[in-house]
Amino acid sequence: MAYVLPESLNFRASPKGAIIPNRFIVALKPGYGDAATAAAGLVREVPAGVQLIGAVSSAGVANMAAGKPLVVAVVDSGVDSSHPDINYVGGKAFVAPSAAVPGDSADPATDLYGHGTHVAGIIGARNGGAGGVVGVAPGVGIFSLKVMDAQGGVGIFSLKVMDVQGVGSLSDAMDAVTWAAGPEGKAAGIAVINLSLAGYADPAAPDYAATRDYVCGVFQAASAAGLVVVAAAGNYATDLRGYLPAACPSVIAVTSMDPASAGASSFSNYLAEPATAADRARLIAAPGNGILSTISFAREASGYRELSGTSMASPHIAGVAATCIASGACSAAGGFANAAVLQAAAKQRAAAVPTYGFDGDARSTRGGKYYGYLTWDKW
């Protein structure tokens, strides 16, 4: 069995694998939501992660909404469609509302938990006013594929799909990805899928290979349909190979680094050495500590909050993939094939700027832990 967990540090698992809200790591920047900032409609501070990977420059940031329509699907707890910083273009639910949380809804445009809205903002926040923030691909269309409920949505995955009221499951996430790769997802313009969640399957279990192949088959099909699939590596400071979908060969797995310390995040999963060239080629790092982004108004009245986790690192890569596709540089028919373009850009930046990256990245792997190169938003 495996459990699907949102990969931010604000949630903890019970002994039975259920997710219970623990606490948000809160550190709002001074001025967010204040009257002067709101009146001016200005960004008080560009999030550190967006700055670090080159998604913003002295010339400003690109407006993805002004170019060719491009949509990123957020497989998560829903997205608050009322948030002015989010270009919400639609959604679909794959989970029942929690009976334990009053007011919870299956509506993908609502997010009582807050996690999905935070992820969406990292991808594409557009400074919609009231002192908003900008994401990696500002204004890109966000399509909510809701697979987690207001409790953080957790469920048991088995080869028999079982939907239990009040929880989500890896099965739900797989259904969402299958839908996105189908005709309806294509019609919605979905090009990139972000999954800031993980399900654990014990690699030592006798049925691990069968479980992995079954799960990963869904993501392989999505890649074959032309979708770039990005997933959080996990927050357990261990080998990511037991965590799905990050362990799937056709998924870009994202580790986390800390912009403040310029080192690998202490919580981040990694690829344990020895690792194959193929596994290394699909692993890339992004900022995941203290990431400022949007959050649902149901969770935080200001609409903004800092969170940490590989949940926050993964959407940086989803945003980079979106800018790469919009530029025409990522044009491979097989979605996963575009990972090579992202890797080449990261290596190019590391070679050109020796100080770019972090302690423990692909150039300074220590203790048999491979975190990959720090992404660079070249486009």
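In case you missed it, the structure is sitting above this.
Residues numbered from 1 in each chain as written. Predicted model: local features only at pLDDT ≥ 70, side-chain atom pairs only at ≥ 80, totals over all residues. Heavy atoms only, no water.

A.B. asks: Would you mind showing me how to read helix α6 (residues 208–224) here?
C.D. replies: Since the α-helix packs 3.6 residues into each turn, any two residues three or four apart lie on the same face. Taking 1.5 Å per residue, 17 residues should reach 24 Å; α6 reaches 24 Å between its end C-alpha atoms and fits that length. At Gly-217, α6 is bent by approximately 25 degrees, the largest bend along its length. After α6 finishes, the residue Gly-226 shows a positive phi value of roughly 100 degrees. (Helix = DSSP H or I, 4+ residues; strand = E, 2+ residues; numbered from the N terminus. Expected span 1.5 Å × (residues − 1). Bend = angle between axes of the 7 residues up to and from the residue.)

A.B. asks: I would appreciate a short explanation of the pattern of salt bridges in the present structure.
C.D. replies: Any two side chains of opposite charge can pair if their charged atoms end up close together. Throughout the structure, instances matching the rule amount to 7 salt bridges. Salt-bridge contacts for Asp-239 lead to Arg-241; the nearest nitrogen and oxygen are separated by 2.9 Å. Arg-241 sits in the partly exposed class, given a relative accessible area of 25%. When the shortest N-O distance is used, the salt bridge between Arg-366 and Asp-359 registers 2.3 Å. Under the relative-accessibility criterion, Asp-359 is labelled partly exposed at 45%. (Salt bridge = Lys/Arg side-chain N within 4 Å of Asp/Glu carboxyl O. Buried < 20%, exposed > 50% of the residue type's maximum accessible area, 1.4 Å probe, protein only.)

A.B. asks: Looking at this structure, how should I read the state of the cysteines?
C.D. replies: Where two cysteines share a covalent bond between their sulfur atoms, that bond is called a disulfide. Throughout the structure, instances matching the rule amount to 2 disulfides. Residue pairing for Cys-216: its cysteine sulfur links by disulfide to Cys-248, the two sulfurs lying 2.2 Å apart. Across the disulfide from Cys-216 to Cys-248, rotation about the S-S bond amounts to roughly -85 degrees, and the bridge is consequently left-handed. Highlighted residues: Cys-216 in helix α6 and Cys-248 in the loop between β11 (243–244) and β12 (252–258), separated in sequence by 32 residues. The buried category is assigned to Cys-216, whose relative accessible area is 8%. Residue class for Cys-248 comes out buried when judged on its relative accessible area of 0%. (Disulfide = S-S within 2.5 Å.)

A.B. asks: Just to check I follow, could you spell out the environment of Gly-135 for this structure?
C.D. replies: Mapped onto the elements of the fold, Gly-135 is located in the loop between α3 (115–124) and β6 (141–146). Considering only alpha carbons, one finds Gly-135 and Ala-125, 10 residues apart in sequence, at a separation of 4.4 Å.

A.B. asks: Is there a simple way to think about unusual backbone geometry in this case?
C.D. replies: Generally, phi is negative for residues other than glycine and the peptide bonds are trans, each holding for most cases. Looking along the chain, the bond that leaves Leu-244 and enters Pro-245 is cis, with omega of 10 degrees. Here the amide bond leading from Glu-273 into Pro-274 is cis, since omega sits at 0 degrees, within 30 degrees of zero. If you trace the backbone, Pro-274 turns up in the loop between β14 (271–272) and α7 (277–281). For Ala-237, which is not glycine, the phi torsion reads 50 degrees and is therefore positive. Of note, Ala-237 is situated in the loop between β10 (228–232) and β11.

A.B. asks: It is not clear to me how helix α8 (residues 310–327) should be interpreted in this structure. Could you clarify?
C.D. replies: Relative to the 26 Å expected for 18 residues at 1.5 Å per residue, α8 spans 26 Å between its end C-alpha atoms, a close match to the ideal helical length. By the criterion of burial, α8 is predominantly enclosed, with 15 of the 18 residues buried. Positive backbone phi, approximately 95 degrees, marks Gly-328, located one or two places after α8.

A.B. asks: Would you explain the packing of aromatic side chains in this entry?
C.D. replies: Given two aromatic rings, one states the distance between the centres and the angle between the planes to describe the pair. Throughout the structure, instances matching the rule amount to 4 aromatic pairs. Here the aromatic rings of Tyr-200 and Tyr-243 are separated by 4.8 Å at their centres, their planes lie at 50 degrees, and the arrangement is tilted. With a gap of 43 residues between them, Tyr-200 in strand β9 (residues 197–200) and Tyr-243 in strand β11 connect regions that are remote in the sequence. A relative accessible area of 9% means that Tyr-243 is categorised as buried. Pairing Tyr-270 with Tyr-371 gives two aromatic rings, centres 5.8 Å apart and planes at 65 degrees, and the pair type is edge-to-face. In this pair, Tyr-270 sits in the loop between β13 (263–264) and β14 while Tyr-371 sits in the segment after β18 (369–370), placing the two residues 101 residues apart along the sequence. Each member of the pair, Tyr-270 as well as Tyr-371, is classed as buried. Among the aromatic residues, those joined into a cluster by ring pairs are Tyr-200, Tyr-236 and Tyr-243. Above the plane of the ring of Tyr-356 lies Arg-349, whose end atom (NZ or CZ) is 5.3 Å from the centre. (Phe/Tyr/Trp six-rings, centres within 6.5 Å; stacked < 30°, edge-to-face > 60°. Lys NZ or Arg CZ within 6 Å of the ring centre and 35° of its normal.)

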